[in-house]
Amino acid sequence: MSTSSTVDRAFRAALYATTDDALDTGASLLAGDPAADAELARRGEEFVANAWRRGWQPADLVRIVRRELDDAHLRIVTGLIRAQAPHDRPRGPRWAAQLDALGTPGGPGAAPAPRTDRFSHATAVLELYRLLLRLPTLESLDEAAAEAADATGPGGRDRRPESRMLGRIRALLAKAEATGFPEEAEALTAKAQELMARHSVDEALLAVRAHTAAGPGACRIGVEAPYEQTKAVLLDAIADANRCRAVWNESLGFSTVVGFDADLEAVELLYTSLLVQAGTAMTKAEAAQKAGGRKRTKTFRQSFLAAYAHRVGARLAAAAEGRTSGVSDDLLPVLASRDVAVTERLDHLFPETTTTRLRGVSDAAGWEEGARAADSAQVEARRRLG
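Residues numbered from 1 in each chain as written. Predicted model: local features only at pLDDT ≥ 70, side-chain atom pairs only at ≥ 80, totals over all residues. Heavy atoms only, no water.

Glancing now at the overall build of the protein chain. Each helix and strand in the protein chain was counted, giving 15 helices and 3 strands. Counting all 386 residues of the protein chain, 46% fall into the buried class. Residue pairs in contact within the protein chain that sit at least 24 positions apart in sequence constitute 79% of those at least 6 positions apart. Here the protein chain has roughly 19700 Å² of accessible surface; of this, 53% comes from carbon and sulfur atoms. (Helix = DSSP H or I, 4+ residues; strand = E, 2+ residues; numbered from the N terminus. Buried < 20%, exposed > 50% of the residue type's maximum accessible area, 1.4 Å probe, protein only. Contact = heavy atoms within 4.5 Å. Areas by Shrake-Rupley, 256 points an atom, 1.4 Å probe, with all protein chains shown as cover.)

The next thing to look at is the layout of surface pockets. Here the second largest pocket defines a volume of roughly 670 Å³. Along the wall of the second largest pocket there are 24 residues; nearest its centre are Ala246, Val247, Trp248, Thr354 and Thr355. Classifying every residue of the lining of the second largest pocket by side-chain character gives 9 nonpolar, 8 polar and 7 charged. (1 Å grid on protein atoms, 1.4 Å probe; cavity = no way out; pocket = protein on both sides within 12 Å on 5 of 7 lines; lining within 4 Å. Points joined across faces, edges and corners; volume = space filled by probe spheres on them. Nonpolar A, V, L, I, M, F, W, Y, C, P; charged D, E, K, R; others polar.)

Interhelical geometry of helix 9 (residues 165-178) versus helix 12 (residues 261-291) gives an angle of 10 degrees and a closest axis separation of 9 Å. The angle between helix 9 and helix 12 falls in the class roughly parallel. Listed contacts from helix 12 to Leu166, Ile169, Arg170, Leu173, Ala176 and Glu177 of helix 9 are Glu265, Leu269, Leu270, Ser273, Val276 and Gln277. Here the contact of helix 9 with helix 12 is built from residues that sort into 7 nonpolar, 2 polar and 3 charged. (Axes fitted to C-alpha atoms, helices over the stretch in contact; angles between N-to-C directions. Parallel < 35°, antiparallel > 145°, perpendicular 65-115°, else oblique.)

It is worth spelling out the environment of Gly253 at this point. Examined against the element boundaries, Gly253 turns out to sit in the loop between strand 2 (245-249) and strand 3 (254-259). A relative accessible area of 5% means that Gly253 is categorised as buried. Considering only alpha carbons, one finds Gly253 and Glu228, 25 residues apart in sequence, at a separation of 7.8 Å. Those residues in contact with Gly253 that sit more than four places away from it in its chain are Arg63, Arg67, Gly222 and Val223.

In this section: the nonpolar core. Among the nonpolar cores identified, the biggest contains 41 residues, and Ile169, Leu234, Ile238 and Val257 are the most heavily contacted of them. When contributions to this core are tallied by element, the ones reaching two or more residues are helix 9, helix 10 (182-209), strand 1 (217-222), helix 11 (228-241), helix 12 and helix 13 (298-326). For this core, the element with the most residues is helix 12, which contributes 10 residues. Core analysis: the next-biggest nonpolar cluster, separate from the first, contains 38 residues, Ala51, Trp52, Leu61 and Leu135 among them. (Core = buried A, V, L, I, M, F, W, Y, C linked by side-chain atoms within 4.5 Å.)

Before going further, it helps to spend a moment on the pairing of strand 3. Here strand 3 lies mainly inside the structure; 6 of its 6 residues are buried. Of the two faces of strand 3, the one lined by Phe254, Thr256 and Val258 and the one lined by Ser255, Val257 and Gly259 are each fully buried. Direction of pairing for strand 1 relative to strand 3: antiparallel, over a ladder of 6 bridges. Of the residues in strand 3, the one forming a bridge with Cys219 is Val257. Direction of pairing for strand 2 relative to strand 3: antiparallel, over a ladder of 5 bridges. Counted as the bridge partner of Arg245 is Val258 from strand 3. The antiparallel hairpin formed by strand 2 and strand 3 contains 4 residues in its connecting segment, where Gly253 sits at a positive phi of about 75 degrees. (Pairing = 2+ DSSP bridges.)

Pasting the structure below:
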């Protein structure tokens, strides 16, 4: 019997059925034919390539596998992504960064893969392939990446040296996350937001002077459970304040953010940092509530994060207004045209969107504590841009 026939029989038995018996039948076929391993891996690379054609990206696959399956499946899918990458076409620096984030198997700090029998491994492979086979089609972000690559030169790499500004912003936000003093975190986050604003304006000026035709791009940012709705609200507020727009996909656990590259980087950095700061503040607030004899619940945490997102959003919006009023008059039309381009790109990707009502916000103490924590995470710039 050919190895291809073994794989085909296993797929017919397991991939199009949902029962454990069907999965066991397919896994038994694969476990009994070691010569089929190479063909099974090749088919997995085809599933990965098909996911790319349906709009998925490496970080998206990792996120959905982590969400729906477990560590064994995650190791398999990252191996398949790495194996498929050399056969793929160039897709730009953001895609390359996602591949780099996968790490190297067995590299420093990597935990050794647990030993497993052939049947268990085959079962995990079929479970993964069944998930990949049923992935829905996503909005393709390749079009924006291709435009950026055309504008910045071969391979999508910017001709200019990479700005040191993002490194400084990361360092400031890391300090804000690590400090135990709210006033220090406030000052560090405010300075980081100021640098983000300056970086965005600098990028707009350089694009005009260099006659760069690159349009806005897009990226997907994971919005993980629990309390994903309030996290999506926070991300939306951060995106709006940084000249981007966000659309939440609740069922798949991410938001798509549309904007120019420098602004997308700012949104990713600030969202990650504010989530960390919110989590730290919520832990402290819960401890204080327990010390006062009051039991804290899921409703408290939901209300806390909702208030945090609402208050941070208001402060970011105010900061955005201040930044716009501080720029020179000749730059205002440039910024306005970029806003229009972002809106047009969003409408192209998402011709139909809906709004949703925030749920589960009913704990007054949680709301008050969340608002107080948002005030401590002050983010508006302290000086106007010149």
